[in-house]
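# Summary of the model geometry
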Amino acid sequence: HYPDPCGDNYSLIDTIQRQAANVGKVRAPVLVVCGRNDVLYAPFGCEAQADRFSKGSSLILRNTGHGVPLERTAKTFRKRLSRFLQRYGL
């Protein structure tokens, strides 16, 4: 069992390299969501990830860790996600 509930962190470097090679192909709006108290990924990484996309934006939730939709701030997450989707008619 990996310590990260999202999977094997050892594949992150390869994933980031592949993403960098293909990020220009993404035409859809991208919302990168992070928790300010995430012990696995720092908030600056969330912003950097969003900056990779031409139509990217980041949402960093206070009092939230790694399990964003499962935490007590899930209602705030859903509300902000809904606004993002509505902005693009989705």
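Structural data are supplied above this passage.
Here, residues in each chain are numbered from 1, in the same order as that chain's written sequence. It should be noted that, the model being predicted, local features are given only for residues of pLDDT at least 70 and side-chain atom pairs only at 80 or more, the latter also being counted only at that level, while totals for whole chains, interfaces and linings use all residues. Side-chain measures were taken over the full set of non-hydrogen atoms in the model, leaving aside hydrogen atoms and water.

### Some words on the overall build of the protein
Secondary structure follows DSSP: runs of H or I at least 4 residues long count as helices, runs of E at least 2 residues long count as strands, and numbering of each begins at the N terminus. Looking only at helices and strands, the protein has three helices and two strands in total. N-terminal to C-terminal, the α/β element order of the protein is α-β-α-β-α. Three exposure classes are used, based on accessible area relative to the maximum for each residue type with a 1.4 Å probe and protein chains only: buried under 20%, partly exposed in between, and exposed over 50%. A burial count over the protein gives 26% of its 90 residues as buried. Counting only contacts in the protein whose residues sit at least 6 apart along the sequence, the fraction spanning at least 24 positions is 64%. Contacts between residues were defined by any pair of non-hydrogen atoms, one from each residue, lying within 4.5 Å.

### Details of a positive patch on the surface
The grouping of Lys-75, Arg-78, Lys-79, Arg-80 and Arg-83 at the surface amounts to a positive patch. Looking at the secondary structure, you find Lys-75 in helix α3 (residues 74-87). Overall, the relative accessible area of 58% leaves Lys-75 in the exposed class. Exposure above 30% relative accessible area and the lack of any salt bridge qualify a residue for a patch; like charges then connect within 9 Å, and the nonpolar side chains Val, Leu, Ile, Met, Phe, Trp and Tyr within 5 Å. Accessible surface area values rest on a Shrake-Rupley calculation with a 1.4 Å probe, where residue burial reflects the displayed protein chains alone. Any carboxyl oxygen of Asp or Glu within 4 Å of a side-chain nitrogen of Lys or Arg constitutes a salt bridge here. When charges are counted, Lys and Arg contribute as positive and Asp and Glu as negative, whereas His and the chain ends are disregarded. The atom standing in for a charge is NZ when the residue is Lys, CZ when it is Arg, CG when it is Asp and CD when it is Glu.

### Some words on the pairing of strand β1 (residues 30-35)
Inspection of the sheet shows β1 paired to strand β2 (residues 56-61) by six bridges, in the parallel sense. Along β2, the bridge assignment pairs Val-33 with Leu-59. Two strands qualify as a pair provided DSSP detects at least 2 bridges between them.

### A short note on the nonpolar core
Most often, soluble globular proteins have nonpolar side chains that are buried together. In terms of nonpolar packing, the biggest core is built from eight residues, these being Val-23, Val-30, Val-32, Cys-34, Cys-46, Ala-50, Phe-53 and Ile-60. Within the residue set of this core, elements represented by two or more residues are β1 and α2 (43-51). With three residues, β1 is the single largest residue contributor to this core. Excluding its chain neighbours within four sequence positions, the residues that come into contact with Ile-60 are Cys-34, Gly-35, Arg-36, Pro-43, Cys-46 and Glu-47. In this description, a nonpolar core means a group of buried Ala, Val, Leu, Ile, Met, Phe, Trp, Tyr and Cys residues linked to one another through side-chain atoms lying within 4.5 Å.

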